[in-house]
Amino acid sequence: MLSSHVPVLGFAAYSGTGKTTLLTQLIPLLKQSGITTGIIKHSHHNFEIDKPGKDSYQLRAAGASPVMLVSAYRRAMITEFPHIQEPVLQDQLDAFDQSAIDLILVEGFKAEKFPKIELHRPSLNKPLIYPGDDSVIAFASNETLPLPEHITALDLNNPGQIARFITTFIHQQSS
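The rules behind these values
Residues numbered from 1 in each chain as written. Predicted model: local features only at pLDDT ≥ 70, side-chain atom pairs only at ≥ 80, totals over all residues. Heavy atoms only, no water. Phe/Tyr/Trp six-rings, centres within 6.5 Å; stacked < 30°, edge-to-face > 60°. Buried < 20%, exposed > 50% of the residue type's maximum accessible area, 1.4 Å probe, protein only. Lys NZ or Arg CZ within 6 Å of the ring centre and 35° of its normal. Patch = residues over 30% accessible without salt bridge, like charges linked within 9 Å, V, L, I, M, F, W, Y side chains within 5 Å. Areas by Shrake-Rupley, 256 points an atom, 1.4 Å probe, with all protein chains shown as cover. Salt bridge = Lys/Arg side-chain N within 4 Å of Asp/Glu carboxyl O. Helix = DSSP H or I, 4+ residues; strand = E, 2+ residues; numbered from the N terminus. Pairing = 2+ DSSP bridges. Axes fitted to C-alpha atoms, helices over the stretch in contact; angles between N-to-C directions. Contact = heavy atoms within 4.5 Å.

1. Focus: the packing of aromatic side chains
(1) Moving on: Scanning the model with the defined rule gives one aromatic pair in all.
(2) Moving on: Geometrically, the ring pair formed by Y130 and F139 is edge-to-face, given 5.6 Å between the ring centres and 85° between the ring planes. F139 shares its class with Y130; the two are buried.
(3) Moving on: The ring of Y14 carries K110 above its face, with NZ or CZ at 3.9 Å from the centroid.
(4) Moving on: Note that K116 overlies the ring of F114, its terminal NZ or CZ placed 5.0 Å from the centroid.

Below is the structure:
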């Protein structure tokens, strides 16, 4: 089981299902309800947030790790991993500043065991996740599908309904 100071809820789905689109709709709704969120997003790509030629890039290229970039507007921490490895969610939670948030939403990490909402669009012809993952607690689709009793059915096209489910989830985790 994951260790975190605040509730953690994942969004599991195959590429193209609309995880990021839904999250960008949910975050303002949660914020309106007084819930501050942090996000951990898994990427399968070798992304770069620093720019070649910048001081921070040169310091990192010289071997400094981590490198923290700080301005009056934001802070970013760049840590190089010593070898290529699939990230583990618990390691990311341990490094995540949880002091000013109520909830951590996770995009990806679908193979790990922690509470998740599965997003599914039958038109994409992707397999279902929940039959092999007992940590799926809700299922959001744009079509009605039969589900086991322990999984809450949600409408993928109704962010308000999903935000209410998340609010209930947070209260359950806090009690």
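2. Considering a nonpolar patch on the surface
(1) Moving on: A grouping of M68, V70 and M77 is seen on the molecular surface, where their side chains present a nonpolar patch of about 300 Å² in accessible area.
(2) Moving on: Looking at the element boundaries, M68 is found in strand β3 (residues 67-70).

3. Examining the sheet that holds strand β1 (residues 8-12)
(1) Moving on: What the six strands build is an open sheet, ordered β2-β5-β1-β6-β7-β8; its pairing is parallel. The strands lining the two open edges of the sheet, one partner per strand, are β2 (37-41) and β8 (152-155). Strand-to-strand, the axes of this sheet are offset by a mean angle of 25°, without reference to chain direction.
(2) Moving on: Bridging between strand β7 (residues 136-141) and β8 involves four bridges; their strand directions are parallel. Of the residues in β8, the one forming a bridge with A140 is L154.
(3) Moving on: Of the strands in this sheet, β1, β2, β5 (103-107) and β6 (116-120) are in contact with helix α1 (residues 19-32), which crosses β5 at around 170°.
(4) Moving on: Of the strands in this sheet, β1, β5, β6, β7 and β8 are in contact with helix α4 (residues 159-174), which crosses β8 at around 145°.

The quantities given are spatial measurements derived from coordinates; they are silent on function.
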